[in-house]
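Now for the letters of each chain:
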Amino acid sequence: MVSGIPGATLSPLTGTAPAGLALSLNPASLSAGTYFGAVAVNAPQSAVPDVVTPVVLTVFAALPCSYSIDANSISVPANSAYANSFNVAAGGACAWTVAASDPTWITVSGGATGNGPVTYSLLGNGGAAQRTGAINIIEGGITVQTFSITEFGQSCSYGISPSVLTNLSPAATSVTVNVSVSATGCPAWTATGLGAPGGSFTGNGSVTLFIPANIAGVAQVSSATVAGQAFSATQNPASCTVT
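Residues numbered from 1 in each chain as written. Predicted model: local features only at pLDDT ≥ 70, side-chain atom pairs only at ≥ 80, totals over all residues. Heavy atoms only, no water.

Draft legend 1. Up close: the sheet that holds strand 11 (residues 112–113). Strands sit in the order 7-14-13-9-11 across an open sheet of 5 strands; the sheet is mixed. What marks the edges here is a single partner per strand, and that holds for strand 7 (73–76) and strand 11. Both strand 9 (residues 95–100) and strand 13 (residues 131–139) contribute to a ladder of 4 bridges, which runs antiparallel. Paired with Val98 across the bridge in strand 13 is Ile137. (Pairing = 2+ DSSP bridges. Helix = DSSP H or I, 4+ residues; strand = E, 2+ residues; numbered from the N terminus.)

Put into structure tokens, the structure is as follows:
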């Protein structure tokens, strides 16, 4: 039998001499320290019926886990989805998981005991503002490595439709001008001239402009500015009436 060391086992427990005995130890289940035990063998018919062999087991504290990644950051353009991977190096007994800082646009998979890959994909950034995120390597609820992500914002541009009208009747009229903005988060836009509404607007929208009657005998060009873009309307000359 074996005593004094938790988890230790001896086999076989019976037999005929001469024979070997196997002592099995499980140090992974023990706290760091020194354990004193003994293996006792009883053979009543032998010259030495009782033999006790001392056993000393010293368990050392496990070395702390260390982690490294083969890439620390990535910067990607705004207008398309992106996918890639990086690798985590860790000790053979070191377990880790992964988590994205913002799962709404970062999808990540990975996690292992020891070395392993991390794969990720990013949704395209439809906004004007740059955004940042991270993939965290986690051990026991603590972030041990961080992979940083920068996704550029889209440049802002504005378009109007219609931008030019020609061959209009000389009569007074109104026209709706539609505004298209290239990305969310772009600066506000305004409209001036031809009775455009005051204030500022964000995102896609429209404004109504009022073109006064042309009472002249020549063509009349009216202009306005909408979202920084030029708008013009050309009316035909007024008809001449002789009385």
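Draft legend 2. Up close: the nonpolar core. With 21 residues, the main nonpolar core has Val177, Val179, Trp189, Val207, Leu209, Val226 and Phe231 as its most contacted residues. When residues of this core are assigned to their parent elements, the largest contribution, 4 residues, is made by strand 17 (residues 173–181). Excluding anything up to four places from it in sequence, Val179 contacts Gly159, Ile160, Trp189, Asn204, Gly205, Ser206, Val226 and Ala227. Counting 19 residues, the second-largest nonpolar core is a separate cluster that includes Ala100, Ile106, Tyr120 and Ile149. (Core = buried A, V, L, I, M, F, W, Y, C linked by side-chain atoms within 4.5 Å. Buried < 20%, exposed > 50% of the residue type's maximum accessible area, 1.4 Å probe, protein only. Contact = heavy atoms within 4.5 Å.)

Draft legend 3. Inspection of the pattern of salt bridges at higher detail. Per the counting criterion, the structure on display carries 1 salt bridge. Residues Glu151 and Arg131 are paired through a salt bridge, measuring 2.7 Å at the closest nitrogen-oxygen approach. Residue Glu151 is located in strand 14 (residues 142–151), and its partner Arg131 is located in strand 13; the two are separated by 20 residues in the primary sequence. Look at Glu151 and you get buried, because its relative accessible area is 0%. (Salt bridge = Lys/Arg side-chain N within 4 Å of Asp/Glu carboxyl O.)

Draft legend 4. Quick peek at the state of the cysteines. For the coordinates displayed, the defined rule picks out 2 disulfides. One disulfide in the model links Cys65 with Cys94; its S-S distance is 2.0 Å. Disulfide Cys65 to Cys94: torsion about the S-S bond roughly -95 degrees, handedness left-handed. Of this pair, Cys65 sits in the loop between strand 5 (50–59) and strand 6 (67–69) while Cys94 sits in the loop between strand 8 (82–90) and strand 9, and the two are 29 residues apart along the sequence. (Disulfide = S-S within 2.5 Å.)

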